Structures are given as structure tokens and as C-alpha cells.
Amino acid sequence: MVRLNYDVIVVGGGPAGMAAAITCARAGLDTILLERGRFAGAKNLFGGVVYTASVLSLVPDLFSASRLPFERPVTEEGWWILSQDGVVKITHTNATLRESPPRAFTAFRAKFDAWLAKQAQKAGVLVVPKVRVIDLLIKDNFVCGVQTDRTASWDDHRPAQVKAPVVILAEGVNRILSIKAGLVPRDFSPKEVALSVKEVLQLPKGELESRFGLQKDTGLAVELLGEASLGLPGTGFLYTNTSCLSLGVGLFLIDYATHNIKPYALLEHLKRHPVLAPLLAEAETLEYGAHLIPEWGFFGLAKLCGNGVLAVGDAVGLVNPLFREGTNLAIYSGILAGKAAIYAHKKGNFGYHTLRLYEEALKDSYIYQDLRYFRKLKTFLQQNKSFFQTYPYLLNEVLHLYLTAQGRAKQEVFKEICQLIRKQRGVTGLLGDFVRAMKFLKGW
Amino acid sequence: MNILVSIKQVPDTTNIRINPETGTLVREGVPSIVNPYDVHALALASLLKRLYGAHITVITMGPPQAEEALKEAVEFGADRVILLSDRKFAGADTLATSYTLAEAIKYLAQEAPFDLFLFGKQAIDGDTAQVGPGVARRLGVPLITYAVKLEIIDQEKKEVIVHRKTASGVEVLKVTLPVLITCDKEIADPPFSPLPELIKAAQTKPEIFNAQRPIPYKREKLGLKGSPTRVHRVYTPQLKSAGDILFVSEIGVSEAVEKIIAVLKDRGIL
């Protein structure tokens, strides 16, 4: 007979869920992880950078494996600031970034998450894919299990239930269960999430290396600003994988609606950009995907736990778009939630006041500090449009004037540059933006 | 009823590409699935088990990761799953494959003879449709290919009626078990398995048969060695572009003839 009672149920097989499940199983808890996809990673998508430290915190013997679940090390990073037909590139590399082990890798979720699932199985987690959790079982105000979309048996067509004193919700951005658990008061609004679209593009053999100046063990990860997001708050990205590249772009959901932009058209526009087009010549699209990114931040932060329930990763909005953090925060939060579940089992008490250990640990960590520090980021970006709408283009024009000043009186050129800045943004605008940016960075 | 289902893990051909330089299939990163026709064979076994009670044994030959295909079989209600996996099995054509499978089936049948052998009508990666028939011949059981329907008419006498799709229509055959059937998609729909079966599948570790144990296979009949077939080349056929359609009623006979002659000359046929 198959058992349907466990110590811990984890809902969702992404990095957050896997981290929580692995932590619990390693402490000897009988842990089941339910994933709705055909396999862990089948339904997941991200731009493509994983930070090594976070993976090591979960799998310390990562580098003893013969095949790493990654694509390329990230050895050069920065921004390409696009105008309509030009670019200003600011990227950085140095010896430290090229050291081994690399501090970051590009990766595919279908491989990375599947690899995490293998680690989870090794740790003793029962990973069950193809199961969608449709509801929580709540008794006396305690979450005590889940209800699935699968039937109880071939003859009993009622929804199957799985029970455990702790349920960890790693359901991702669509936080249906977190709402049911009372951790989140409402669904997100279009202002609080970004929609990113991404293509994986295969270049002819050897072209990736030659076009991007790469060696076998180097890789490029750049954010694309300005024209990439049509001057709207948002960014594009270009990451190099082993033999292909990931190109994507994201905007706040609201901006697609307000400006009537189709996500695929936005990406097509980026692919046709005069700077990018030659880099992508003869590329074959291997994959096309889209994903919502929870950017509600500090003010939209859920209650992280309740009686018998904890929420981790995207479900609670643990992302930092500015620093491309998400997967690592998912892993850290998963580990912390797992520890709280272990603590609760030791105490034999699964109430909010025990599980709060997770909330407290998270509040002590840099994750929470960052969430607090960047709490106004979304509003800042949405209110200070010039950072996307004006400056990328202005920067391109200014640099162009400066760099093509030969054969002219330089004073005249500088005058033209000043005029241009004055015309585009004005001295007060410029100063205002500066003050607002400083205020924002000082966390006011 | 004692049912044996033989399945194959195949690359999802909706994703498959051919390396233009080497002419071989690019399997890197291509997800593997259970051959779709085999899924329907499993579905039939599952249905029969639920209707009449049955013991289902599922075998597959493949690399260690073919374990995933067997896990899927457990979701359908398979009671015993066996993976034939050994480097010596690798590179087998349909001859070597049917030898390897048939020997394994004979070995398993020593415990309890099988009443029904179910195969998919063909695998979507090779499309040969030869392994099922090859195994039937080796086992000495009757073969029915391209089955679309199976009805049990007498459990005691072990009589079944099988509908078989042919180019000219449907053949309805009455047969006494044991019989080997290769299944088309219409034979049964895959069920939406209940949770306990999924949990069972997640916990499954298939039995592994290698080239020595428990069956001492004849080395020269296995894998590449036992396969007279050699793949000369794999290539993507050129897409034929749609031809020009000209109506004689519009352009007249003589101009039509002129055009045809011009095209034929252009291609060097005339």
C-alpha cells in the first residue's frame, strides 16, 4: 500500500522547493515533493544565470561531479546600452572573474532543475512529478496537507490527499496556494510583475566563440538597456551558453497593456536591432519561452509562514531584478524554510510561532535587507522614466559626438553636447534625476 | 491474465534535429519520451488489468536513463518492470533487438507463461515496425500487427477478437491466446493515473538485466556485432516546394506544352 502521510510536503520542484526538500530529507524527515511538470524543470524558465555560492550552499560537493548542470562560466558581465541604431557597451572582466571555480554560470532550467531533482532523490526526497496541487487541507486553522488533481485510486475518483504537519509552498509566481493559506491577501497586479520573453538561439558551429570573443571556459552575460525595452522600464539580456545563446527582454506587465506591445514583437524588435542582428545572423531558434517575474518587492511581501505552512522563492517575491538575483534567493529561502520545518518536528509543534524561525532567519539575512533597501525600486523605475526613455539614447548621442569630434573645434562640440543634454533633459531634470537616484540609493 | 508489454524510450521527434556536419541525430538536450504507440500498448494493458485483473510485466532495452520510461509504465499499473541494459546491447538493429527481447521474455515466461504480448506498432525514431514481428517469430506465437481494438470474448477459453487496420479496411480476427499484438493509437487511451500509482512510479527501481545475468546472451548476436544493418547516412529530405499550377483552360494547350518542355529542359530531363 502506498503511504500518503509524510513529515513534510513540498509543493513545487524549482530551486526553492528542491532546496527546502533536500534540507528536510537530509535531516531525516520523510519528505515528498509534488511537481506539476512532466519532470522538475519542465515548466520552469529563467534568463539564465546561476550563482555558484548558492548552489554550493545546497550541494557542497558540486564540483566533484563529472558533468556540471551548467552551460558556461560567466567571466564578463555588464550592460549594453542601446539606442535605435547604436550601442554603448560597459562590461567588466578581470582575473578574479576568470578564476576557477567561477562565481556564476549560465544554465538552462530544464537541465539545472532536473539535476537538482537528482540531488534531492539522492538525499532521500520522494520527487513525484505530474501532480498538481489544487488545494490545501486545513484543519483547526492548521495546514495539514494538500489536495491534488489526481484521483485517490483507479476506483475512487475523489481527489487524492497527501498529509503532513508541514507544507512548504514553492509554487512560484502564481501564488494560488499561498493566497489560500492566508499568507498573501490578494493576487498580484500588472504593476507588480514583469513579463520576460526569451529565445534560445543556436549559431553555426564556432560562431558563438568568434562573434562574442569567447574561449571554451569564458562566457558573457550582459543586460540590454534602452531600445531593448523600447525606452520603457525593463531590460533585455544576452547570455552565452555552451553552443547557443539566450536572448530575452522583459517589461512590467502593465506596460505591455498600456502601450499595446506584444511580447513576441518586443523580442523580434530586439533581434532586428542593427547591433544585435549581425551577431544573430543565421541563428536558429531552439526554444521560445516566457515567464512572469514577481517584482512586488518589500511592500508586497507575503507573510512567510503560518500554522503548518511556509512559503519560499518566487511565491514570496524573492527577486532582485537589479542584481539578477532570484534562483539564489530561492535556494537560500528554501534552506531556511527547511530548517524551520526540522525545528518544528523536533519541537513537535507546527504553529506559526515555531515556524517563525524561518521568518526570523530570513529577516536576519541579506535577502531581507536587500528587499528593504530596494523597497522603492519598482516605484522609482516606474516614476523616473527618463532612466529608460532618455538617458540610454542621450548617452549614445553624446558619446557619438565626442568620438567623432575630429576635424572640428572641440569647444563647439562640447557646446553641442551641452545643448543636446539641455534639450533632452535640461539641467534641472538632470539634477533632479541625480538627487532622486542618490536618495533612492541611500534608501530614503 | 499475464501480460507482457515491450516499450522503447525514444527522443521526442518533434524536437529532433540532424547535425548538418556529421549527418547524425542530435540527441543532446532532446527530451526522451516513451514511444507514443507503446504508450497505447501500455494503456491497453492498464485497461485490461482494471477490467479483468492482470499481472503486467514491462520490459525495455536501452541505456540506464530508459529507467524513466519504465517508471511511466508503473504509473499505468505495471507490476514488474525490467530494464535490459548493457553496453553490449548498444547499436542493435531490429534483428539483434528482437533476439535480445525474445530471450528475456522466454526467461521471464519460465515463472509464469504470458497470455498477451503487447508492442507498439512501430517506434517513431526508426519507424521499422519490425521488432514486434521479430519477437513473435522467435517466441513462436501468432502475430497481429496494427491492432486498433481488442475485445475479450471468453476469459476461460482465452479467446479474443482483434481489429486490425489494413490499407483496404479493418480486419476482424478471432484468436486464442497467447498472441503478440502490435498496437496502433486507437487501441486504448492513456489513463489519468491516480496519485498512488504516481508515487509508486517515483519509488520504482527497475530490475536490470545485463548481457550475462540472468540470461547468458550469445555475444555475437547482440548489439552492433549482431546487427547486419549499417546506417549509411542520415539526412533531412529537401522540402519540395509547391509546383506552379497553370490551367490549360486559361493558357491554351500549346502554351502549356511549351512551358512543360521548357521546365523539363531546364532540369536537364529533356
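Residue numbers run consecutively from 1 along every chain, following the written order of its sequence. The lettering of chains begins at A and the numbering of ligands begins at 1, in the order of writing. In view of the model being predicted, local features appear only for residues whose pLDDT reaches at least 70, and side-chain atom pairs are presented and counted only at 80 or more, with totals across whole chains, interfaces and linings using the full set of residues. In computing side-chain properties, one takes all heavy atoms of the structure into account and sets aside hydrogens as well as water.

Peer 1: Quick one: what's the story with the overall build of chain B, residue by residue and with numbers?
Peer 2: Per the convention used, a helix needs a DSSP run of H or I reaching at least four residues, while a strand needs a run of E reaching at least two, with both numbered from the N terminus. When helices and strands are tallied, chain B shows seven helices and 13 strands. Counting only C-alpha atoms, chain B reaches 75 × 45 × 40 Å along its principal axes. Across the 270 residues in chain B, those meeting the buried criterion constitute 48%. For chain B, contacts bridging at least 24 residues in sequence account for 69% of all contacts bridging at least 6. Only the protein chains shown count as covering a residue, and every accessible area follows the Shrake-Rupley method with a 1.4 Å probe. Split by element, the accessible area of chain B, about 14,700 Å² in all, is 53% carbon and sulfur. Positive and negative side-chain charges in chain B, numbering 33 and 32 respectively, have mean positions lying 6 Å apart. Note on exposure labels: buried denotes an accessible area under 20% of the residue type's maximum, exposed denotes more than 50%, and partly exposed covers the range between, all computed with a 1.4 Å probe on protein chains only. The criterion used for residue contact is that any of the two residues' heavy atoms lie within 4.5 Å. None of His or the chain ends enter the tally, which takes Lys and Arg as positive and Asp and Glu as negative. Lys charges are placed at NZ, Arg charges at CZ, Asp charges at CG and Glu charges at CD.

Peer 1: So what's going on with the interface of chain B and chain A? Which residues, and what values?
Peer 2: Taken residue by residue, the interface counts 25 residues in chain B and 27 residues in chain A. Once two parts are brought into contact, the accessible area they lose, counted with a 1.4 Å probe and summed over both, makes up the buried area. Together, the buried faces of chain B and chain A total about 2,000 Å²; carbon and sulfur atoms form 64% of this surface. Of all residues in chain B, Phe192(B), Leu195(B) and Ile199(B) bury the most surface against chain A, accounting for 29% of the area lost on that side. By convention in these notes, a salt bridge is any Lys or Arg side-chain nitrogen within 4 Å of a carboxyl oxygen on Asp or Glu. The interface formed by chain B and chain A contains two salt bridges. A salt bridge links Lys130(A) to Glu72(B); its shortest N-O distance comes to 3.8 Å. Nitrogen and oxygen atoms within 3.5 Å of one another constitute a polar contact, given that in protein one can donate a hydrogen and the other can accept it, and given that sequence-neighbouring residues count only through two side-chain atoms. The interface formed by chain B and chain A contains five residue pairs in polar contact (both at pLDDT 80 or more). Within the residue set of the side of chain B that touches chain A, elements represented by two or more residues are strand E5 (32–34), helix H1 (36–52), helix H2 (67–75) and helix H5 (195–203) of chain B. For the side of chain B that touches chain A, the element with the highest residue contribution is H5(B), accounting for eight residues. Considered class by class, the residues forming the side of chain B that touches chain A number eleven nonpolar, five polar and nine charged. Classification convention: Asp, Glu, Lys, Arg as charged; Ala, Val, Leu, Ile, Met, Phe, Trp, Tyr, Cys, Pro as nonpolar; all other residues, Gly among them, as polar.

Peer 1: I'd like a rundown of the domain arrangement of chain A, residues and numbers included.
Peer 2: Residues and elements named next belong to chain A. As annotated, the domain borders come from an automatic or database domain assignment. Here the domain parsing of chain A yields domain 1 (8–69 + 107–188 + 297–364), domain 2 (193–294) and domain 3 (385–441). Once you take the C-alpha centre of each, domain 1 and domain 2 turn out to be 29 Å apart. Each partner contributes residues to the interface: domain 1 has 14 residues there, and domain 2 has 16 residues. When domain 1 packs against domain 2, close to 1,300 Å² is buried across both sides, 68% of that on carbon and sulfur atoms. Inspection of the domain 1/domain 2 interface yields one salt bridge. The partner of Glu223 in a salt bridge is Arg324, and the shortest N-O contact between them spans 2.7 Å. At the junction of domain 1 and domain 2, the tally comes to four residue pairs in polar contact (both at pLDDT 80 or more).

Peer 1: Kindly report on the pattern of salt bridges, identifying the contributing residues and their values.
Peer 2: Residues and elements named next belong to chain A. For the structure shown, the criterion picks out 34 salt bridges over all chains. Residue Glu268 is joined to Arg272 by a salt bridge in which the shortest nitrogen-to-oxygen separation is 4.0 Å. A residue is classified by how much of its surface remains accessible, and Glu268, at 30% relative accessible area, is partly exposed. Since its relative accessible area comes to 58%, Arg272 is described here as exposed.

Peer 1: An account of the domain arrangement of chain B is needed here, citing residue identities and associated values.
Peer 2: Partitioning chain B into structural domains gives domain 1 (2–221) and domain 2 (240–270). Here the C-alpha centre of domain 2 of chain B lies 50 Å away from the C-alpha centre of domain 1 of chain B.

Peer 1: Now, about a nonpolar patch on the surface: what can you tell me, with residues and values included?
Peer 2: Residue and element names in this part refer to chain A. Residues enter patches when their relative accessible area tops 30% and they take part in no salt bridge; the joining distance is 9 Å for like charges and 5 Å for the nonpolar side chains Val, Leu, Ile, Met, Phe, Trp and Tyr. Among the surface-exposed residues, Tyr373, Phe434, Val435, Met438 and Leu441 lie close enough to one another that they form a single nonpolar patch of about 460 Å² accessible area. If one sorts the elements of the nonpolar patch by residue count, helix H15 (residues 427–441) sits on top with four residues. Relative to the helices and strands, Tyr373 resides in helix H10 (residues 366–373). Residue Tyr373 is classed as partly exposed on the basis of its relative accessible area, which comes to 35%.

Peer 1: Got a sec to walk through H10(A)? Specific residues and values, please.
Peer 2: All names here are of chain A. Within H10, burial applies to Ile367, Tyr368 and Leu371. The buried residues of H10 occupy an angular sector of 95° when projected down its axis, which confines them to one face. On its buried face, H10 sits against helix H8 (327–347) and helix H9 (352–364). What the arc measures is the spread of directions leading from the helix axis to the C-beta atoms.

Peer 1: Mind laying out the sheet that holds strand E8 (residues 116–120) of chain B, listing which residues take part and the relevant values?
Peer 2: Residue and element names in this part refer to chain B. Here, strands pair whenever DSSP counts at least two bridges between them. Here we have nine strands laid out as an open sheet, ordered E11-E10-E9-E12-E8-E1-E6-E7-E13, and mixed in their pairing. At either end of the open sheet lies a strand with only one pairing partner, and these are strand E11 (170–176) and strand E13 (207–209). Pairwise comparison of adjacent strand axes, ignoring direction, gives a mean angle of 30° for this sheet. The sheet contact formed by E8 and strand E12 (residues 179–183) spans five bridges and is parallel. In the strand pairing of E12, Phe117 is matched with Leu180. Here, axes are lines fitted to C-alpha atoms. For helices the fit covers the stretch in contact, and angles between N-to-C directions go from 0 to 180 degrees. On the sheet, H2 packs against strand E1 (2–7), strand E6 (55–61) and strand E7 (80–84) and is oriented at approximately 165° with respect to E7.

Peer 1: Please provide a residue-by-residue account of the packing of helix H1 (residues 15–26) of chain A against H8(A), values included.
Peer 2: Residues and elements named next belong to chain A. At a minimum axis distance of 7 Å, the contact between H1 and H8 shows a crossing angle of 35°. Regarding H1 and H8, the two cross each other, and that crossing is right-handed. The residues of H8 that touch H1, namely those facing Pro15, Ala16, Ala19, Ala20, Thr23 and Cys24, are Thr327, Ala330, Ile331, Gly334, Ile335, Gly338, Lys339, Ala341 and Ile342. Taken together, the residues of the contact of H1 with H8 sort by class into ten nonpolar, four polar and one charged. Whether a crossing is left-handed or right-handed is set by the direction in which the near helix is turned from the far one by less than a right angle, anticlockwise for left-handed and clockwise for right-handed.

Peer 1: Give a description of the pairing of strand E4 (residues 76–82) of chain A that names residues and reports values.
Peer 2: All names here are of chain A. In terms of residue burial, E4 counts as a mostly covered element, since five of its seven residues are buried. Two strands pair when backbone bridges link them, and E4 and strand E13 (residues 220–226) are joined in this way by seven bridges, in the parallel orientation. When the sheet's bridge partners are listed, Ile81 is paired in E13 with Leu225. The pairing of E4 with strand E5 (residues 87–92) spans six bridges and is classified as antiparallel. Within E5, the position partnered with Leu82 by the bridge is Val87. Linking E4 back to E5 in an antiparallel pair, the connection comprises four residues.

Peer 1: Tell me about the nonpolar core, and please be specific about residues and values.
Peer 2: All names here are of chain A. Judged by nonpolar contacts, the single largest core of 85 residues is most densely connected at Ile168 and Leu310. Here the element with the most residues in this core is H8; it accounts for ten residues. The contacts of Leu310, once residues within four sequence positions are left out, are Val166, Val167, Ile168, Leu169, Leu183, Leu304, Cys305, Ala337, Ala340, Ala341, Leu355 and Tyr358. Each nonpolar core is a collection of buried residues, namely Ala, Val, Leu, Ile, Met, Phe, Trp, Tyr and Cys, held together in the definition by side-chain atoms within 4.5 Å.

Peer 1: Explain the side chain of Arg175(A) to me, using residue names and the numbers behind them.
Peer 2: All names here are of chain A. With respect to the secondary-structure elements, Arg175 resides in the loop between strand E11 (166–169) and helix H4 (176–180). Buried charge Arg175 goes without a salt bridge, the closest partner of opposite sign being Glu192 at 4.9 Å. Beyond its immediate chain neighbours, meaning those up to four positions away, Arg175 contacts Val184, Arg186, Asp187, Phe188, Trp296, Gly300 and Ala315.

Peer 1: Which residues make up the pairing of strand E14 (residues 234–240) of chain A, and what values go with them?
Peer 2: Residues and elements named next belong to chain A. Most of E14 sits inside the fold, with six of its seven residues counted as buried. Relative to strand E15 (residues 244–252), E14 runs antiparallel, the two sharing seven bridges. Residue pairing across strands places Gly234 opposite Leu251, the latter belonging to E15. What sits between the antiparallel neighbours E14 and E15 is a turn of three residues.

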